[in-house]
Amino acid sequence: MKRVYYDLHLHSCLSPCAGDDMTPNNIVNMALLLGYNMIAVTDHNSCRNAPAVAKAGAANGLAVVPGMELCTQEEAHVICLFPTVAAAMEFHRYVAQRIPKIRNRPEIFGRQIVMDEQDVMVAEEETLLLNAADISVNHVREAARGFGGTAFPAHVDRNAYSVIASLGSVPQEAGFTAAEISAKGDVKALLRSDPELLGKILLRNSDAHYLEDMPEPSASVLLSENTPECLIAALDGKIKTEWDRG
C-alpha cells in the first residue's frame, strides 16, 4: 500500500471564478512542487480542461483524476470523479444537455478558458458554467456511476452551495459514501450537528481557484495503486483502506 497525498477539488482557468493562471501545467507543476501524488481537476459543470491537465500530469508523473464540480438543481455543489478522461467527457456531455444555455459575460463572471496540454488556449466556453443543472442531489452519484465514476457532496459545512445548506442535511437516499469538509472545517462540530455523516469518509480538499490557494499536502489515503480507478474504489468502499485528513 502506498500513502497518496491528494487534493480532489481544484479549479482550472475554465471555471469563471478561477484565475487565468490556473493553466494545466501551472496546476500540475504547483502540485508537484508542493508534494502531491494525486490531484483532481473539478471545474464548474464542465470537464473540458480535464484532458489537458491529465496529459500534463502524465508527462510529469502526477496522477490526475478527471472530474467536475456539478451544481445540482438544488444549487448544491457535488464533486464527481471518473476513472478516465473518456468517461469524464461522456459525463460532461450528459451535463451539458442539462444546464441552461445562458451566455457567459466574461466582464462580469470571468473568462472560461479551454486549454491544451501545452497551456495554449484553444477555446472559450460560451455557456455560463455557474448555473444549476437539471440534475438532483439524489441522482448525482447514480449518474456518475453510470459512467464508471463516483460523487460526493462538496464543502458540506459551508452556508452556501452545499447540500446541507440547500437541503438541511445530506439525504441518505442520495447514496453518498463520502463527503467533503472545508480545509479548516471542524469535523467534531459537523458530526454533532449532522450525525447522518457518521460512518462516511470525510475528505479535506482545498477548492483552490488560484495558484496561491493551493496548500501544502496534509490529507492522504493508503492505496495499492496511485490511480483514479483505485481511488474511486476506495471512495465507494469497495476496498478497505485508511484515510487521514491531516
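Residues numbered from 1 in each chain as written. Predicted model: local features only at pLDDT ≥ 70, side-chain atom pairs only at ≥ 80, totals over all residues. Heavy atoms only, no water.

Visitor: Account for the overall build of the chain, with residues named and values stated.
Guide: Helix and strand counts for the chain come out as eight helices and 11 strands. On C-alpha atoms alone, the chain measures out to a radius of gyration of 16 Å, which is about the 18 Å that the 2.2 N^0.38 rule sets for 246 residues. Referenced to the eigenvectors of the C-alpha coordinate spread, the extents of the chain come out at roughly 45 × 40 × 30 Å. Classification of the 246 residues of the chain by burial places 54% in the buried group. Taking as baseline every contact in the chain between residues at least 6 positions apart, the subset at least 24 positions apart corresponds to 73%. Taken as a whole, the chain presents about 10,400 Å² of accessible surface, with 49% of it coming from carbon and sulfur. (Helix = DSSP H or I, 4+ residues; strand = E, 2+ residues; numbered from the N terminus. Rg over C-alpha atoms; globule rule 2.2 N^0.38 Å. Buried < 20%, exposed > 50% of the residue type's maximum accessible area, 1.4 Å probe, protein only. Contact = heavy atoms within 4.5 Å. Areas by Shrake-Rupley, 256 points an atom, 1.4 Å probe, with all protein chains shown as cover.)

Visitor: An account of the pattern of salt bridges is requested, with residue identities and associated values reported.
Guide: Overall, the coordinates contain 10 salt bridges when judged by the stated rule. The closest approach of N and O atoms between Glu126 and Arg103, which form a salt bridge, is 3.3 Å. Of the two residues, Glu126 is situated in the loop between strand S6 (121-124) and helix H5 (137-145) and Arg103 in the loop between helix H3 (85-96) and helix H4 (106-109); the sequence distance between them amounts to 23 residues. Assessed through its relative accessible area of 58%, Arg103 is described here as exposed. One network of salt bridges, in which partners are shared, links Asp20, Arg111 and Glu124. (Salt bridge = Lys/Arg side-chain N within 4 Å of Asp/Glu carboxyl O.)

Visitor: Hey, could you go over H3 for me, with residue numbers and the actual values?
Guide: Taking 1.5 Å per residue as the helical rise, H3 with its 12 residues ought to reach 16 Å, and the 16 Å between its terminal C-alpha atoms agrees with that figure. Among the residues making up H3, those that are buried are Ala87, Ala88, Met89, Phe91, His92 and Val95. Residues of H3 that are buried sit in contact with helix H2 (50-60), strand S3 (63-71), strand S4 (77-81) and H5. (Expected span 1.5 Å × (residues − 1).)

Visitor: Quick one: what's the story with the nonpolar core, residue by residue and with numbers?
Guide: The biggest cluster of nonpolar side chains holds 52 residues, and the ones touching the most others in it are Ile39, Leu70, Cys80 and Val95. Broken down by element, the residue count for this core peaks at five residues, all from H3. Residues Met38, Ala63, Ala178 and Leu231 belong to the second largest nonpolar core, which totals 21 residues. (Core = buried A, V, L, I, M, F, W, Y, C linked by side-chain atoms within 4.5 Å.)

Visitor: Explain the packing of aromatic side chains to me, and be specific about the residues and the numbers.
Guide: Enumeration according to the criterion identifies five aromatic pairs in this entry. Residues Tyr6 and Trp243 carry aromatic rings whose centres are separated by 6.1 Å and whose planes lie at 80° to one another, so their mutual orientation is edge-to-face. Here Tyr6 is found in strand S1 (residues 2-10), whereas its partner Trp243 is found in strand S11 (residues 243-244), with 237 residues between them in sequence. (Phe/Tyr/Trp six-rings, centres within 6.5 Å; stacked < 30°, edge-to-face > 60°.)

Visitor: Describe helix H1 (residues 24-34), listing the residues and the values that go with them.
Guide: Those residues of H1 not exposed but buried are Pro24, Asn25, Ile27, Val28 and Ala31. Around the axis of H1, the buried residues are gathered within 165° of arc, so they sit on the same side. The inward-facing, buried residues of H1 abut S1, strand S2 (38-44), H2 and strand S5 (113-115). A positive phi of about 110° marks Gly35, the residue just after H1. (Arc of directions from axis to C-beta.)

Visitor: So, the pairing of S2: which residues are in play, and what are the values?
Guide: Of all the seven residues making up S2, seven are buried; the element is thus mostly covered by neighbouring parts of the structure. Pairing analysis gives three bridges linking S1 to S2, with the strands arranged parallel. Residue pairing in the sheet places Leu10 in a bridge with Val41 of S2. For S2 and S3, the ladder comprises seven bridges, and the chain directions are parallel. Counterpart to Ala40 in the pairing with S3 is Val65. (Pairing = 2+ DSSP bridges.)

Visitor: Let's hear about the side chain of His92: which residues, and what values?
Guide: Assignment of secondary structure puts His92 in helix H3. For His92, the residues in contact, after removing those within four places along its chain, are Ser46, Cys47, Arg48 and Met68.

Visitor: Can you break down the sheet that holds S4 residue by residue, with the values?
Guide: Pairing within the open sheet is mixed, and its seven strands lie in the order S7-S4-S3-S2-S1-S10-S11. Taken across any chain shown, the strands that pair with only one partner, and hence form the sheet edges, are strand S7 (150-153) and S11.

Visitor: I'd like a description of the side chain of Asp236, backed by residues and values.
Guide: Looking at the secondary structure, you find Asp236 in the loop between helix H8 (228-235) and S11. Within polar-contact distance, the side chain of Asp236 engages the side chain of Arg145 at 3.5 Å. Once residues lying within four places of it in the same chain are set aside, the contact partners of Asp236 are Arg141, Arg145, Gly149, Thr150 and Thr177. (Polar contact = N/O pair within 3.5 Å; in protein donor to acceptor, adjacent residues only side chain to side chain.)

Visitor: Describe the environment of Gly35, and please don't skip the residues or the numbers.
Guide: Mapping Gly35 onto the fold places it in the loop between H1 and S2. Through-space distance from the C-alpha of Gly35 to that of His11 is 18 Å; in sequence the pair is 24 residues apart. What Gly35 contacts, discounting residues up to four positions off in sequence, is Tyr5 and Pro217.

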